[in-house]
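# Topology and contacts: notes
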Amino acid sequence: MLRLILASQSPARTKLLTEAGIRHTVLVSDVDEDAVQARYGVTDPHDTALLLARAKAEAVAALPEAEGALVLGCDSVFEFDGEAHGKPYTAAVARERMLRMSGNTGVLHTGHWLVDCRDTDPDGDAPGTGATLGTVASAEVSFLDMDAAEIDAYIATGEPLHCAGSFTIDGLGGAFIRKVDGDPHTVVGLSVSTLRGLLAQAQVRITELWPAS
């Protein structure tokens, strides 16, 4: 049976895959994101998202548990005023960001990287392609005006502290989003249509990961 491993600890990503009917398991990488960025010196938010997605996918693909599977790594970076915003982690950082984002627009970049760890056979008797490939899906996010009391109440829930850009679309933070231009799944952290395209390049139909397949 075809196996897909999600190399991410994000509950939102695994929930999205589950609701889309895509069979998968989760195996979290131990990638040090700060070390990866320091090593490559990537500053562009778009490229940073792809770099970190690749690092996560390749780290998990190197594990024995990934043998014979397809491994998907994802990472999201929010671009606002030309700056890359990852997870804020602290209430002070989240508050400063959200006050600036109020009534404004930014772009959420989600990098996707797929590694085919299935056996390959030059005679064509094995399904593996040896593919390692990726792409970035981006969506423009426009926010409603938010007052300081609303922002403080949102931060007090703890939800925005571990989300790229300090917000969610599929949780409490959705109340502050006016519109999304692009695939809304991208803002959640994993574009199912983008995954479909990557799988196709590895000669796999996404329907093969549906429960009835």
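One can find the structure itself at the top, above this paragraph.
Residues numbered from 1 in each chain as written. Predicted model: local features only at pLDDT ≥ 70, side-chain atom pairs only at ≥ 80, totals over all residues. Heavy atoms only, no water.

### Digging into unusual backbone geometry
Positive phi, close to 55 degrees, is recorded for D81, a residue that is not glycine. Within the secondary structure, D81 sits in the loop between β3 (70-80) and β4 (83-85). Classification of D81 by relative accessible area gives exposed; the value is 59%. Backbone geometry places Y89, a non-glycine residue, at a positive phi of 70 degrees. Locating Y89 in the fold gives a position in the loop between β4 and α4 (91-101). (Helix = DSSP H or I, 4+ residues; strand = E, 2+ residues; numbered from the N terminus. Buried < 20%, exposed > 50% of the residue type's maximum accessible area, 1.4 Å probe, protein only.)

### Here's the deal with the pairing of β3
Counted residue by residue, β3 has 10 buried out of 11 residues, so it is predominantly covered. Bridge analysis of strand β1 (residues 4-6) against β3 gives 3 bridges, and the strand direction is parallel. Bridge pairing links L6 to L72 in β3. Where β3 meets strand β5 (residues 105-116), 10 bridges bridge the pair, whose relative direction is antiparallel. (Pairing = 2+ DSSP bridges.)

### A closer look at the packing of α4 against helix α5 (residues 148-156)
Packing of α4 against α5 brings their axes to within 10 Å, and their N-to-C directions diverge by 140 degrees. When the axes of α4 and α5 are compared, the crossing they make is right-handed. Residue-level contacts link A91, A94, R95, M98 and L99 of α4 to A148, I151, D152, Y154 and I155 of α5. When its residues are assigned to classes, the contact of α4 with α5 shows 8 nonpolar, no polar and 2 charged. (Axes fitted to C-alpha atoms, helices over the stretch in contact; angles between N-to-C directions. Left-handed = near helix turned anticlockwise from the far one by under 90°. Contact = heavy atoms within 4.5 Å. Nonpolar A, V, L, I, M, F, W, Y, C, P; charged D, E, K, R; others polar.)

### Overview of the packing of aromatic side chains
According to the stated counting rule, one finds 5 aromatic pairs in the structure shown. Between F78 and F143, the aromatic rings sit 6.0 Å apart at their centres with planes inclined by 90 degrees, giving edge-to-face as the arrangement. Within this pair, whereas F78 is found in strand β3, its partner F143 is found in strand β6 (residues 132-143), the two being separated by 65 residues in sequence. In this structure an aromatic cluster arises from ring pairing among F78, F80, F143 and F167. (Phe/Tyr/Trp six-rings, centres within 6.5 Å; stacked < 30°, edge-to-face > 60°.)

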